Amino acid sequence: MAKTTLGGIEIEVDEDGFIQEPEKWNKEVAEDLSKLEQAFPMGEDHWKIVNYLRDYYLKYEIAPPIRMLVKQTGIDLKTIYQLFPGGPAKGACKVAGLPKPTGCV
Amino acid sequence: MRIEDISKKSDQIIKIRQSDLLPLPYPYNNPEKDTAMRELSSDQRERYEASLDGVIGVGIQRPSSKAEEELFIHKFLSGLAKLFEKENNWTFLHPLYHSLEYCVKCQICNDSCPAYIASGRKEIYRPTYRPEVLRRIVDKYIKKKNRASLKLTGSDIELNWTLIARLGELAYRCTLCRKCTQACPLGIDNGLISHEIRKVFSQEMGIAPKELHEQGTVQQLKVGSSTGINPRALENIIEFMENDIEEKIGRKIKIPVDKKGAEILLLHNAGEFMSWPENTEAFAIIFDAAGIDWTLSSETVGYDAVNYGVWYDDIQLARVATRQAEIARNLGVKKINVGECGHAHKAMIVVADRVLTGDLNIPRESALPILRDIVVGDKIKLDSSRNNFPITLHDPCNMVRLMGIVEPQREILKKICPQFLEMEPHGVDNYCCGGGSGFAIMQSMNFPDWRSAVSGRIKLKQILEVFQDTISPDVKKYVCAPCSNCKGQIRDLLNYYNVWDECGIFYGGLAELIVNAMIDLEKPFIEWEWH
Amino acid sequence: MFEANTFSKSDLGLTMDIFLILLTCFAYIFILVAYSAKIVKYARMPIHLRWELFTATKTEKKPYHHGLTAFEAQPFQSSRWRLSNVWSFLKEYLWFHSYLSHDKTYWCFLYIAHIGFVSLIIFQAVCIATALGTFLAHDQTITAERATGSLVALRILLAIISFAAGIIGNIGLMVYRISHRDLRLYTPPLTFIGYCISICTCLIGFILLLTNDPHFSGYVLFFVGMFQIKPIAVSGLLGLFIFLNMLHLIYLPFTPGFHYVTRFFAFFNVLWDTRPNQKGSPVEKAIGQVMGKKITWSAPHIKSGQTWEQAAKHRS
């Protein structure tokens with residue numbers, strides 16, 4: 001594990017840049033993460049996705065299925081890839097401060 | 001290189017060069033279209049053992065003191081000794097013994113290894129390399145043979161931290177597909193050797209890839225699923241699936257959950273819920289249409305068929321299987337059926353048969369024959385012209401070579417897919433997708449690159465070859481892989497090489513194709529935009 | 001023709017003869033004991049988790065399986081003795097099917113070497129049988145004439161086959177293993193020593209046949225001497241032949257050569273072992289026993305000292 005500075009605060013990240021201290025996440029952290037994910041500057045759709053992921057995670061302690069994300073935000077997968085080149089799991093989830101997806105996903 | 005070089009300190013034993021890799025057919029015969037593997041950062045190299053092939057799968061941390069280093073070696077040896085004890089390793093003692101002692105190194109098995117061939121025959125990936133290293137260590141440090149007999153039997157090896165750490169990584173460069181075992185006329189199981197090395201690391205040294213242990217079996221037993229899905233999230237996802245089904249087929253279906261006394265407890269790989277809910281939806285639609293008495297479970301572990309223990313740890317294997325069986329027993333179902341997940345098939349139906357005792361020994365079988373009976377027995381109305389695109393079938397090693405479930409999926413495809421093509425080789429002779437034994441879920445650092453560039457390369461070659469006549473991206477093509485793990489790997493392979501854009505090849509499961517052919521559906525069930 | 005008893009023996013010669021008899025007895029007993037011990041070890045291996053391969057060395061053209069469950073009472077899946085298994089096993093025994101389809105040159109030398117080895121064993125058995133017949137006849141005037149017996153033609157035929165095949169096969173294998181990097185790298189010195197012993201044995205056998213003892217009667221007489229516990233002198237060359245031959249027998253248990261037998265267990269007791277864990281079956285009983293064994297694995301997630309049964313139900 002390594003520490004890095006995001007949004008002006010020190011946060012622990014894993015080998016692939018996912019933050020390990022979700023409680024430290026805030027908008028500034030998200031913006032700094034979006035720079036690493038080539039998703040900067042973040043527009044309305046970026047935030048729509050990030051906020052949806054964030055809310056779902058706080059409620060269910062897990063990221064939502066990708067199809068649920070697409071359906072609920074109304075943003076299709078292709079656009080998600082344009083917004084977050086790393087894709088919904090590795091890109092958007094990372095910016096939203098979620099842990100890296102695990103299991104056969 | 002020589003075999004004993006594994007213990008010599010060096011920057012890296014082998015380097016994977018793009019030009020050494022197995023050539024691919026059109027359009028990847030153009031080297032510019034090939035993708036190069038990511039290099040590790042110097043910081044990662046410093047912290048973790050990466051001097052095998054410049055790839056990190058396990059992530060073995062370097063010792064911080066001499067004492068730590070010695071403890072590491074000591075633990076490895078004590079674990080190795082336990083592999084040969086009946087009490088600690090009755091589970092695999094017999095095949096381990098035979099495989100270690102009686103291999104004559106004829107190298108017949110070499111051509112069956114997807115990693116060895118695709119890498120351009122790198123010595124360390126040779127199926128007999130790991131067993132030879134292990135045999136030498138066992139002869140010298142466990143059996144403690146004298147100098148003369150070590151010389152005679154060619155057991156020259158120097159045990160040190162570097163060797164053990166490299167061997168630990170190397171055990172995760174074999175997908176346990178066991179095609180080499182099939183090739184061996186003496187019944188030597190080189191795949192098993194990788195499995196046993198992994199066990200020493202996990203069961204004695206407490207070292208295993210995070211994705212398999214900490215976030216895998218441990219998370220599954222604690223939270224309910226290796227995906228992190230807890231029962232509340234499951235409820236939400238099932239609700240989502242029910243709505244999705246209604247939207248797709250114009251009719252509401254109630255997905256049965258925790259139905260006591262049902263005929264079937266259906267165990268899905270929970271990865272399907274997260275990444276491919278269309279597969280679990282398809283099962284619900286088919287079972288509903290065919291009037292099957294089935295249920296899902298919402299108990300922790302009861303909604304995730306996976307059992308990563310089968311890849312690296314016998315005790316975790318027994319724990320997960322026992323929990324799953326307890327849930328089925330408590331529900332009072334007649335049997336467990338496993339959905340489209342290869343390793344769960346093998347682990348739950350076959351391997352665990354010898355840890356489930358008494359009332360836990362509940363009948364367990366594959367869900368594929370049920371699908372086959374429905375399709376072949378015309379229990380639901382299907383129109384094959386709805387699947388009129390080129391389709392090929394990937395055979396998951398666990399179901400096919402290791403269990404013999406070869407025909408049900410073929411009978412289905414032959415009936416509902418007019419353009420079904422077999423790749424070569426197929427059936428029990430298939431090649432692994434390259435994501436077996438947990439690789440498809442190991443997502444850290446540059447390991448995903450390795451399994452796309454090396455272990456999965458031969459599968460990509462087979463897929464491209466079978467579709468050569470219609471390789472243009474204008475023709476949509478489908479790789480049917482009835483296994484979550486294989487699906488994840490094939491998805492990553494197709495992305496890595498940008499195959500959708502270059503060739504129009506998509507992938508998915510088996511049940512989706514059946515629903516796609518149902519005549520009372522207004523729009524196609526398969527949605528190609530999810531590439 | 002010579003009279004066996006007319007050899008004049010020096011002390012050294014007598015010592016040599018006694019040594020060869022002792023060595024022969026030792027070699028036969030040694031290989032018998034070593035291999036029996038291995039068979040017992042394998043037969044007594046504990047039950048293991050199911051780890052079968054649907055097909056191992058063979059490819060069935062029309063494999064069909066209906067999903068495989070422990071409770072599917074199909075004789076197809078429960079019997080490891082089904083004909084296709086036995087046949088694929090025999091194919092490997094009789095003509096090394098996998099080698100043949102994989103690498104014809106290697107197969108050729110391997111097969112010839114094995115023919116040589118097997119005929120050498122039969123040749124010895126014939127010699128011993130003849131000697132035993134002579135010995136049991138209680139003839140006080142044992143002559144070479146009698147000793148050669150009626151099996152002489154067979155004996156000579158076997159000798160020629162085994163020596164010729166042994167030389168060609170083993171030289172071929174040796175050259176092949178040296179000239180191919182992937183084989184050379186994995187071949188221990190012991191294997192090359194084995195080739196050399198075999199080649200020398202066969203060469204000397206040939207020389208004996210061509211020069212000194214065209215009917216190989218001396219060898220039969222040697223065994224007669226062994227049976228009557230009164231050494232019958234052998235020529236130096238024959239002595240060397242016997243010495244090398246016995247050395248080869250003693251060498252065998254130190255090599256993977258016993259795969260002839262262990263592979264039987266590997267296929268029938270592991271790779272094709274699909275015996276389900278049914279109530280009241282021997283499998284269930286065996287599982288009950290092993291599940292009661294104590295684990296001493298020491299990783300943090302395992303509680304050392306628990307039995308397998310307890311560990312399986314343990315929730316951490």
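Caption draft 1: How the structure looks around the overall build of chain A. Helix and strand counts for chain A stand at 5 helices and 2 strands. N-terminal to C-terminal, the α/β element order of chain A is β-β-α-α-α-α-α. In terms of overall size, chain A behaves like a compact globule, its C-alpha atoms giving a radius of gyration of 13 Å where 105 residues would be expected to give roughly 13 Å. Viewed in the frame of its principal axes, chain A has a C-alpha envelope of about 35 × 30 × 20 Å. Counting over 105 residues, chain A shows a buried share of 53%. Pairs at least 24 residues apart make up 46% of the contacts formed inside chain A by residues separated by at least 6 positions. Surface summary for chain A: the accessible area is close to 4800 Å², and the carbon and sulfur share equals 51%. For chain A, the separation between the mean place of its 13 positive charges and that of its 16 negative charges on side chains is 7 Å.

Caption draft 2: Expanded view of the sheet that holds strand β2 (residues 294–295) of chain B. Residues and elements named next belong to chain B. In space, the 4 strands of this open sheet follow the order β2-β1-β3-β4, with parallel pairing throughout. The sheet is open, and its two borders are formed by β2 and β4 (364–366), each paired with just one other strand. Bridging between strand β1 (residues 264–267) and strand β3 (residues 335–338) involves 4 bridges; their strand directions are parallel. Each residue of the ladder has a partner; that of Leu266, found in β3, is Asn337.

Caption draft 3: How the structure looks around the confidence of the model for chain A. Residue-level pLDDT values for chain A average 92, and 99% of them are 70 or greater. Element-level mean pLDDT values for chain A span from 88 in strand β1 (residues 2–6) of chain A up to 96 in helix α2 (residues 44–60) of chain A.

Caption draft 4: Region of the structure containing unusual backbone geometry. Residue and element names in this part refer to chain B. Here Tyr26 and Pro27 are connected by a cis peptide whose omega angle stands at 0°. For Pro27, the position within the fold is in the segment before α1 (42–47). Following Glu424, the chain continues into Pro425 via a peptide bond in cis, with omega recorded as -15°. With respect to the element layout, Pro425 can be found in the loop between β6 (420–421) and α20 (447–455). A positive phi is found at Leu176, a non-glycine position, where the angle reads about 55°. Inspection of the secondary structure puts Leu176 in the loop between α8 (161–170) and α9 (179–183). Phi at Asn498 is positive, roughly 55°, even though this residue is not glycine. Counting through the fold element by element, Asn498 comes out in the loop between α22 (484–496) and α23 (499–503). According to the relative accessible area criterion, Asn498 is partly exposed, its value standing at 35%.

Caption draft 5: Summary view of the packing of helix α11 (residues 213–223) of chain B against helix α16 (residues 314–331) of chain B. All names here are of chain B. Across the interface, α11 lies against α16 with an axial gap of 10 Å and an inter-helix angle of 30°. Considering how the two elements wind past one another, α11 and α16 form a crossing that is left-handed. Within the contact between the two elements, α11 uses His213, Thr217, Val218, Gln220 and Leu221 and α16 uses Gln316, Arg319, Val320 and Gln324. Tallied by class, residues from the contact of α11 with α16 come to 3 nonpolar, 5 polar and 1 charged.

Caption draft 6: Up close: the pairing of strand β7 (residues 477–480) of chain B. Residue and element names in this part refer to chain B. Of the two faces of β7, both are covered, the one formed by Lys477 and Val479 as well as the one formed by Tyr478 and Cys480. Of the pairings in the sheet, the one linking β7 to strand β8 (residues 505–508) comprises 4 bridges and is parallel in character. By the bridge assignment for β8, Val479 is matched with Tyr507.

Caption draft 7: Highlighting the sheet that holds β8 of chain B. All names here are of chain B. Strand order across the open sheet formed by 4 strands is β6-β5-β7-β8, with parallel pairing between neighbours. Looking at strand neighbours, the two that pair on one side only are β6 and β8, the edges of this open sheet. On the sheet, helix α19 (residues 408–416) packs against β5 (391–393), β6 and β7 and is oriented at approximately 175° with respect to β5.

Caption draft 8: Examining the interface of chain A and chain B more closely. With 23 residues of chain A at the contact, the number on the chain B side is 41 residues. The junction of chain A with chain B conceals about 2800 Å² of combined surface from both sides, 53% of it contributed by carbon and sulfur atoms. Our enumeration of links across chain A and chain B arrives at 6 salt bridges. For the salt bridge of Glu61 of chain A with Arg232 of chain B, the shortest nitrogen-to-oxygen distance reads 3.1 Å. Among the elements of the structure, α2 and α3 (66–73) of chain A are those that each provide at least two residues to the side of chain A that touches chain B. It is α3 of chain A that contributes the most residues to the side of chain A that touches chain B, 5 residues altogether.

Caption draft 9: Spatial organisation of the pattern of salt bridges. Residue and element names in this part refer to chain B. Following the criterion strictly, the structure yields 67 salt bridges over all chains and no others. A salt bridge links Lys33 to Glu502; the nearest nitrogen and oxygen atoms lie 3.0 Å apart. With Lys33 in the segment before α1 and Glu502 in helix α23, this residue pair connects regions lying 469 residues apart in the sequence. When the shortest N-O distance is used, the salt bridge between Asp359 and Arg329 registers 3.3 Å. Here Arg329 lies in helix α16 and Asp359 lies in the loop between α17 (342–350) and β4, a separation of 30 residues in the sequence. A network of salt bridges, in which partner residues are shared, links Arg2, Glu4, Asp5, Lys8, Glu101, Lys105, Glu132, Arg135, Arg136, Asp139, Lys143 and Lys145.

Caption draft 10: Structural detail: the domain arrangement of chain C. Here chain C is partitioned into domain 1 (4–46 + 88–266) and domain 2 (280–316). Between the C-alpha centres of domain 1 of chain C and domain 2 of chain C the distance comes to 47 Å.

Caption draft 11: The arrangement of the interface of chain B and chain C in detail. Each partner contributes residues to the interface: chain B has 99 residues there, and chain C has 81 residues. On the surface where chain B and chain C come into contact, there are 4 salt bridges. Put simply, Asp273 of chain C and Arg354 of chain B hold a salt bridge, and the shortest N to O gap is 3.2 Å. With 9 residues, α16 of chain B is the single largest residue contributor to the side of chain B that touches chain C. Taken together, the residues of the side of chain B that touches chain C break down into 41 nonpolar, 25 polar and 33 charged.

Caption draft 12: View of the packing of helix α5 (residues 104–136) of chain C against helix α7 (residues 152–179) of chain C. Residues and elements named next belong to chain C. It is at 7 Å that the axes of α5 and α7 come closest, and there the two elements cross at 145°. Crossing handedness for the pair α5 and α7: left-handed. Grouping the amino acids of the contact of α5 with α7 by side-chain chemistry returns 20 nonpolar, 9 polar and 2 charged.

Caption draft 13: How the structure looks around the packing of aromatic side chains. Tallied over the full model, the rule gives 61 aromatic pairs over all chains. Taking 5.1 Å as the distance between ring centres and 85° as the angle between the ring planes, the aromatic pair formed by Phe439 of chain B and Phe447 of chain B counts as edge-to-face. Each of the two residues, Phe439 of chain B as well as Phe447 of chain B, counts as buried. Between the aromatic rings of Tyr99 of chain C and Tyr106 of chain C, the centroid separation amounts to 5.9 Å while the plane-to-plane angle is 45°, which identifies the pairing as tilted. The exposure classification of Tyr99 of chain C matches that of Tyr106 of chain C, with both residues buried. An aromatic cluster is defined as three or more aromatic residues linked by ring pairs; in this entry it consists of Tyr102 of chain B together with Tyr42, Trp81, Phe89, Tyr93, Tyr260, Phe264, Phe265, Phe267, Phe268 and Trp272 of chain C. Between Arg263 of chain C and the ring centre of Tyr93 of chain C, over which it is positioned, the NZ or CZ distance is 4.8 Å.

Caption draft 14: Geometry of the side chain of Lys199 of chain B. Tracing the backbone shows Lys199 of chain B in helix α10 (residues 190–204). Beyond its immediate sequence surroundings of up to four residues, Lys199 of chain B is in contact with Leu83, Asn89, Thr91, Phe92, Glu204, Tyr312, Asp313 and Asp314 of chain B.

Caption draft 15: Region of interest: a nonpolar patch on the surface. Residues and elements named next belong to chain C. Taken together, the side chains of Ile115, Leu151, Leu154, Leu157 and Ile161 define a hydrophobic patch exposed on the protein surface, amounting to about 380 Å² of accessible area. If you tally residues by element for the nonpolar patch, the top one is α7, at 3 residues. Relative to the elements of secondary structure, Ile115 occurs in helix α5.

About the cut-offs
- Residues numbered from 1 in each chain as written.
- Chains lettered and ligands numbered in written order.
- Predicted model: local features only at pLDDT ≥ 70, side-chain atom pairs only at ≥ 80, totals over all residues.
- Heavy atoms only, no water.
- Helix = DSSP H or I, 4+ residues; strand = E, 2+ residues; numbered from the N terminus.
- Rg over C-alpha atoms; globule rule 2.2 N^0.38 Å.
- Buried < 20%, exposed > 50% of the residue type's maximum accessible area, 1.4 Å probe, protein only.
- Contact = heavy atoms within 4.5 Å.
- Areas by Shrake-Rupley, 256 points an atom, 1.4 Å probe, with all protein chains shown as cover.
- Lys, Arg positive; Asp, Glu negative; His and termini not counted.
- Charge placed at Lys NZ, Arg CZ, Asp CG, Glu CD.
- Pairing = 2+ DSSP bridges.
- pLDDT = per-residue confidence, 0-100.
- Axes fitted to C-alpha atoms, helices over the stretch in contact; angles between N-to-C directions.
- Left-handed = near helix turned anticlockwise from the far one by under 90°.
- Nonpolar A, V, L, I, M, F, W, Y, C, P; charged D, E, K, R; others polar.
- Buried area = accessible area lost by both parts, 1.4 Å probe.
- Salt bridge = Lys/Arg side-chain N within 4 Å of Asp/Glu carboxyl O.
- Domains from an automatic or database assignment.
- Phe/Tyr/Trp six-rings, centres within 6.5 Å; stacked < 30°, edge-to-face > 60°.
- Lys NZ or Arg CZ within 6 Å of the ring centre and 35° of its normal.
- Patch = residues over 30% accessible without salt bridge, like charges linked within 9 Å, V, L, I, M, F, W, Y side chains within 5 Å.

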